[in-house]
Amino acid sequence: MNYKRILTIQDISCVGQCSLTVALPILSACGHETVILPSAVLSTHTGGFTDFTFRDLTDDIPQIQKHWQKEGITFDAIYTGYLGSLKQIDYVANIFETMGKEGAPVIVDPAMADNGKLYCIFDETYAKAMAGLCTKADIVLPNITEASFMTGLEYKEEYDETYIKNLCQAMEDMGMNKIVMTGVGYEANKTGVVVYDRGNYEYYCHEKIGKGCHGTGDIFASSFVGSYLSGKTLLEASRIAGDYVLECIKLTRQDDSHWYGAKFEPVLGELIRRL
Ligand code: PXL
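Below, the structure is looked at part by part.

The rules behind each value
- Residues numbered from 1 in each chain as written.
- Predicted model: local features only at pLDDT ≥ 70, side-chain atom pairs only at ≥ 80, totals over all residues.
- Heavy atoms only, no water.
- Axes fitted to C-alpha atoms, helices over the stretch in contact; angles between N-to-C directions.
- Helix = DSSP H or I, 4+ residues; strand = E, 2+ residues; numbered from the N terminus.
- Parallel < 35°, antiparallel > 145°, perpendicular 65-115°, else oblique.
- Left-handed = near helix turned anticlockwise from the far one by under 90°.
- Contact = heavy atoms within 4.5 Å.
- Nonpolar A, V, L, I, M, F, W, Y, C, P; charged D, E, K, R; others polar.
- Salt bridge = Lys/Arg side-chain N within 4 Å of Asp/Glu carboxyl O.

**Focus: the packing of helix α2 (residues 60-71) against helix α3 (residues 86-98)**
Then comes step 1: Relative orientation of the contacting elements α2 and α3 amounts to 15 degrees, with a least axis distance of 10 Å. Relative to α3, the element α2 is oriented roughly parallel. Where α2 crosses over α3, the two elements pack in a sense that is left-handed. Where α2 approaches α3, its residues Ile61, Pro62, Gln65 and Gln69 are matched on the opposing element by Gln88, Tyr91, Asn94, Ile95 and Thr98.
Then comes step 2: By residue class, the composition of the contact of α2 with α3 is 4 nonpolar, 5 polar and no charged.

**Overview of the pattern of salt bridges**
Then comes step 1: Scanning the entire structure with this criterion turns up 10 salt bridges.
Then comes step 2: The salt bridge involving Asp255 is made with Lys263; its shortest N-O contact spans 2.9 Å.
Then comes step 3: Residue Glu270 pairs with Arg274 through a salt bridge whose shortest N-O separation is 3.2 Å. Of the two residues, Glu270 and Arg274 both sit in helix α9 (residues 268-274), 4 residues apart, roughly one turn of that helix.
Then comes step 4: By sharing partners, the salt bridges in this structure join Glu247, Glu270, Arg273 and Arg274 into a single network.

Functional significance is not addressed by these values, which are geometric in nature.
In structure tokens form, the structure reads like this:
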């Protein structure tokens with residue numbers, strides 16, 4: 001049995017089907033022990049709600065880490081998403097160095113931007129610091145916007161394979177390892193995932209329906225991590241996660257009142273079946 005203990009560090013958005021409220025059920029459904037370290041607690045996510053509360057948990061992180069170290073707790077993998085502050089990025093880098101078992105993969109979803117824009121609490125300084133954290137990971141999961149903020153290359157809505165390869169190569173030149181880039185579509189009504197590893201380029205694409213839903217980056221990242229740690233290759237895990245996200249969007253798009261997230265729960269069985 002491929003039972004792993006995964007540490008995931010990201011925020012709790014109490015309402016909004018993203019970050020930890022997505023990662024915990026998905027990683028558990030994939031059959032792994034999931035340890036959480038909340039980076040912040042928000043009443044909702046920041047993508048469309050106004051006046052949300054935000055409790056920054058940066059100062060709790062070293063204390064929690066210290067306790068775990070005293071207990072001798074270590075992890076088979078570490079996976080991070082939306083982080084709450086610049087200082088937190090340094091703390092998380094220290095967790096990468098000290099809390100993983102020998103050979104434990106570190107997976108970073110830079111979760112900070114989409115559709116050409118940074119999420120509302122972040123700025124360029126944060127994007128550069130996140131790029132630094134990404135160089136400490138074994139696998140990074142940026143979308144095109146995040147790749148463009150981290151590399152300083154222009155963000156394009158219309159592009160070709162050369163543009164995507166240039167973005168990947170620029171990230172590799174900065175010191176990033178394996179790159180799994182999401183939301184890459186070269187044809188109308190198609191979207192997909194690029195797996196880029198030391199100049200080697202692979203691509204999986206599937207049908208694109210509508211404009212997508214909020215939180216699908218987190219659903220992709222969590223199901224990708226769950227599949228990869230179950231023994232799938234990068235491309236197989238990308239395919240499983242991409243297809244799962246598509247199922248979630250199909251289920252959600254008819255319901256306008258569900259604009260804030262994707263209905264990932266009813267199709268968890270589909271994800272498990274594909275593993
Ligand atoms: O889904 C990414 C995400 C995670 N956490 C918070 C967010 C967002 C995107 O807007 O606001 C708090």
